[in-house]
Amino acid sequence: MELIQNTPDLSAYLAADEVIDHDHPVVRETAARLAKEAVDSYAYARLAFEFVRDTIPHSQDSGDLRVTWRASDVLEQGTGICYAKAHALAALLRAEDIPTALCYQELGEVHGLVAVRFNGAWHRQDPRGNKPGVDAQFSLDGERLAFTPDPESNEMDHPVLYAEPHPAVLSVLKAAPDRPYLWKTLPTTL
């Protein structure tokens, strides 16, 4: 699948905004701590991915009822669903000048992940969090995502790389008072 930027301006994939708030002190402190352990940007990207994947539980897996959507809130509260974890990873990567896009799969509901740009190409990564049957890994040599869409079930990968969260995703996150409500309102298509 060819990945397509929704804007040709690569700097858009480095920008901070209300959601990917990599200028927030919590994001900056976390990025600085991870960067101290990294020998280069590739190592940093892997460390940031593993940090989000492994230390911030997916709220459904952990039973956490809180809904987070802003990257700094995900890091402060230590919880989030796939979209929120993707926002946190995007912020950590952009904080260290690594172009990062948000991207999506349709798997019954829309699933969120990121793509990082290295060596002139985009590489999708899924920080959702591993569990039995899910083994997402950081990889620049072929995708190791949490899920593979089943075309026979009308599941699909979206090729578009967004500089900002998709409005359908962001609106349901912002409107949800808790995760059970969110689960009833998740978008099924973009």
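For the structure given in this document, a descriptive report is provided here. (Residues numbered from 1 in each chain as written. Predicted model: local features only at pLDDT ≥ 70, side-chain atom pairs only at ≥ 80, totals over all residues. Heavy atoms only, no water.)

Brief notes about the pairing of strand β3 (residues 109-118)
No. 1: Among the 10 residues in β3, eight count as buried, and that is most of the element.
No. 2: Here strand β2 (residues 100-107) runs beside β3; their pairing, made up of eight bridges, is antiparallel. Paired with Glu-106 across the two strands is Val-110, which belongs to β3.
No. 3: Remark: one residue form the turn of the hairpin made by β2 and β3, two consecutive strands paired antiparallel; Gly-108 in that turn has positive phi of roughly 95°.
No. 4: Here β3 pairs with strand β4 (residues 121-125) via five bridges, running antiparallel. The partner of Val-114 across the bridge, within β4, is Gln-125.
No. 5: Counting the residues between successive antiparallel strands, the hairpin from β3 to β4 contains two residues, one of them, Asn-119, with a positive phi of roughly 55°. (Buried < 20%, exposed > 50% of the residue type's maximum accessible area, 1.4 Å probe, protein only. Helix = DSSP H or I, 4+ residues; strand = E, 2+ residues; numbered from the N terminus. Pairing = 2+ DSSP bridges.)

Let's talk about the side chain of Ser-139
No. 1: In this fold, Ser-139 is placed in the loop between β4 and β5 (156-157).
No. 2: Ignoring anything within four residues of it in the chain, the contact list for Ser-139 reads His-123, Gln-125 and Arg-144. (Contact = heavy atoms within 4.5 Å.)

A closer look at helix α2 (residues 41-55)
No. 1: For α2, which comprises 15 residues, the first-to-last C-alpha distance of 20 Å matches the rise-based estimate of 21 Å (1.5 Å per residue) to within 8%.
No. 2: Every buried residue belonging to α2 is among Tyr-44, Ala-45, Ala-48, Phe-49, Phe-51, Val-52 and Arg-53, and all of these are buried.
No. 3: As for α2, its buried residues are in contact with α1 (25-36), α4 (71-77), α5 (82-95), β3 and β4. (Expected span 1.5 Å × (residues − 1).)

Description of the environment of Asp-40
No. 1: Turning to its location among the elements, Asp-40 is positioned in the loop between α1 and α2.
No. 2: Engagement of the side chain of Asp-40 in a polar contact is seen with the backbone nitrogen of Ala-43, the distance being 2.8 Å. (Polar contact = N/O pair within 3.5 Å; in protein donor to acceptor, adjacent residues only side chain to side chain.)

Brief notes about the packing of α1 against α5
No. 1: In the contact formed by α1 and α5, the axes pass within 9 Å of each other and the chain directions differ by 65°. With respect to each other, α1 and α5 are oriented roughly perpendicular. α5 is crossed by α1, and the crossing has right-handed handedness. Facing α1, whose interface residues are Val-27, Arg-28, Thr-30, Ala-31 and Leu-34, α5 presents Ala-91, Leu-92 and Ala-95. (Axes fitted to C-alpha atoms, helices over the stretch in contact; angles between N-to-C directions. Parallel < 35°, antiparallel > 145°, perpendicular 65-115°, else oblique. Left-handed = near helix turned anticlockwise from the far one by under 90°.)

Description of the nonpolar core
Proteins that are soluble and globular tend to have nonpolar side chains buried together.
No. 1: Judged by nonpolar contacts, the single largest core of 47 residues is most densely connected at Tyr-44, Tyr-83 and Leu-92.
No. 2: Top contributing element to this core by residue count: α5, with 11 residues.
No. 3: Discounting chain neighbours no more than four positions away, the residues touching Tyr-83 are Tyr-104, Val-110, His-111, Gly-112, Val-169, Leu-173, Leu-186 and Pro-187.
No. 4: Cys-103, Leu-113, Ala-115 and Leu-145 belong to the second largest nonpolar core, which has 11 residues in total. (Core = buried A, V, L, I, M, F, W, Y, C linked by side-chain atoms within 4.5 Å.)

Brief notes about the side chain of His-22
No. 1: Inspection of the secondary structure puts His-22 in the loop between β1 (4-5) and α1.
No. 2: A distance of 2.8 Å separates the side chain of His-22 from the backbone oxygen of Leu-14, its partner in a polar contact.
No. 3: Once residues lying within four places of it in the same chain are set aside, the contact partners of His-22 are Leu-14, Ala-15, Ala-16, Val-27, Arg-28, Ala-91, Arg-94 and Ala-95.

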